[in-house]
Amino acid sequence: MNHAQWKTRRTRQLLGEKAEPSQAYTNAGDAMVLGQAVHDRRKELGLSQKDAAERAGMTQPQISTIEQAGAEPTLAFLRRLAKALETRLSIDLDEDFIFVFTPLIEDKPAQEATPVEAALHEMARDTRSHVAGIV
């Protein structure tokens, strides 16, 4: 195919043609979703990349690379990162990857939890119960 006949994926979609994304495109999108989730949670906690890295036993460039969608981390890496960000990490592996960092509030008395924290805690508990029932 020469360049005059080349069409972008978006153009093929608009013309009603089949336009499957490449694996690299899909992986990049997944990495971006994870990076944004890490960035958002880190900012919620008021942590710098250096602070988050120290908590996780990592380096600041590792945190930066994750936030900029430049890496595909291992499960062990994600576990350390979730602990450093004081969260549980849920990953939905269905059609689109979804990464959800749920703040840990078990140690916080119920009267101190904000309504949002209480709702997140309830949702996380319901999800764990549902998953346990499936497995």
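Let me begin by describing the structure that accompanies this report.

Conventions adopted
Residues numbered from 1 in each chain as written. Predicted model: local features only at pLDDT ≥ 70, side-chain atom pairs only at ≥ 80, totals over all residues. Heavy atoms only, no water. Helix = DSSP H or I, 4+ residues; strand = E, 2+ residues; numbered from the N terminus. Areas by Shrake-Rupley, 256 points an atom, 1.4 Å probe, with all protein chains shown as cover. Buried < 20%, exposed > 50% of the residue type's maximum accessible area, 1.4 Å probe, protein only. Arc of directions from axis to C-beta. Contact = heavy atoms within 4.5 Å. Core = buried A, V, L, I, M, F, W, Y, C linked by side-chain atoms within 4.5 Å. Salt bridge = Lys/Arg side-chain N within 4 Å of Asp/Glu carboxyl O.

Turning our attention to the overall build of the chain. Helix and strand counts for the chain stand at 6 helices and 2 strands. Ordered by position from the N terminus, the helices and strands of the chain form the series α-α-α-α-α-β-β-α. Accessible area of the chain: about 9600 Å², with a carbon and sulfur share of 55%.

Listing the buried residues of helix H4 (residues 60-67) in full gives Ile63, Ser64, Ile66 and Glu67. The buried residues of H4 occupy an angular sector of 160° when projected down its axis, which confines them to one face. Check the buried side of H4 and you find it contacts helix H2 (23-44), helix H3 (49-56) and helix H5 (75-84). Phi for Ala69, located one or two positions after H4, is positive at around 60°.

Another point: the nonpolar core. In this structure, Leu34, Val38, Met58, Ile66, Leu81, Leu85 and Phe101 are the most contacted members of the largest nonpolar core, which totals 18 residues. It is H5 that contributes the most residues to this core, 5 residues altogether. Those residues in contact with Leu81 that lie beyond four places of it in its chain are Val38, Ala56, Met58, Ile63 and Ile66.

Among the residues of H5, those classed as buried are Phe77, Leu78, Leu81, Ala82 and Ala84. Taken around the axis of H5, the buried residues stretch over an arc of 160°, which confines them to a single face. Turned more than 90 degrees away from the buried face of H5 sit Leu75, Arg79 and Lys83, all of them exposed. The secondary structure elements touched by the buried residues of H5 are H2, H3, H4, strand E1 (87-92) and strand E2 (98-103).

If you trace the backbone, Arg42 turns up in helix H2. Along the sequence, Arg42 and Ala84 sit 42 residues apart, while their C-alpha atoms lie 9.2 Å from each other. With sequence-adjacent residues up to four places away left out, Arg42 is seen in contact with Leu47, Ser48, Gln49, Ala52, Ile63, Glu67 and Leu85.

In a structure, side chains of opposite charge can pair up when their charged atoms sit close to one another. One pass over the structure, following the stated rule, counts 4 salt bridges. Residues Glu44 and Arg41 are paired through a salt bridge, measuring 3.0 Å at the closest nitrogen-oxygen approach. One end of the pair, Glu44, and the other, Arg41, are both in helix H2, 3 residues apart, so they sit about a helical turn from each other. Judged by relative accessible area, Glu44 falls into the exposed class, the value being 58%. Classification of Arg41 by relative accessible area gives buried; the value is 8%. When the shortest N-O distance is used, the salt bridge between Arg42 and Glu67 registers 2.5 Å. With Arg42 in helix H2 and Glu67 in helix H4, this residue pair connects regions lying 25 residues apart in the sequence. Residues Arg42 and Glu67 agree in their burial class; the two are buried.

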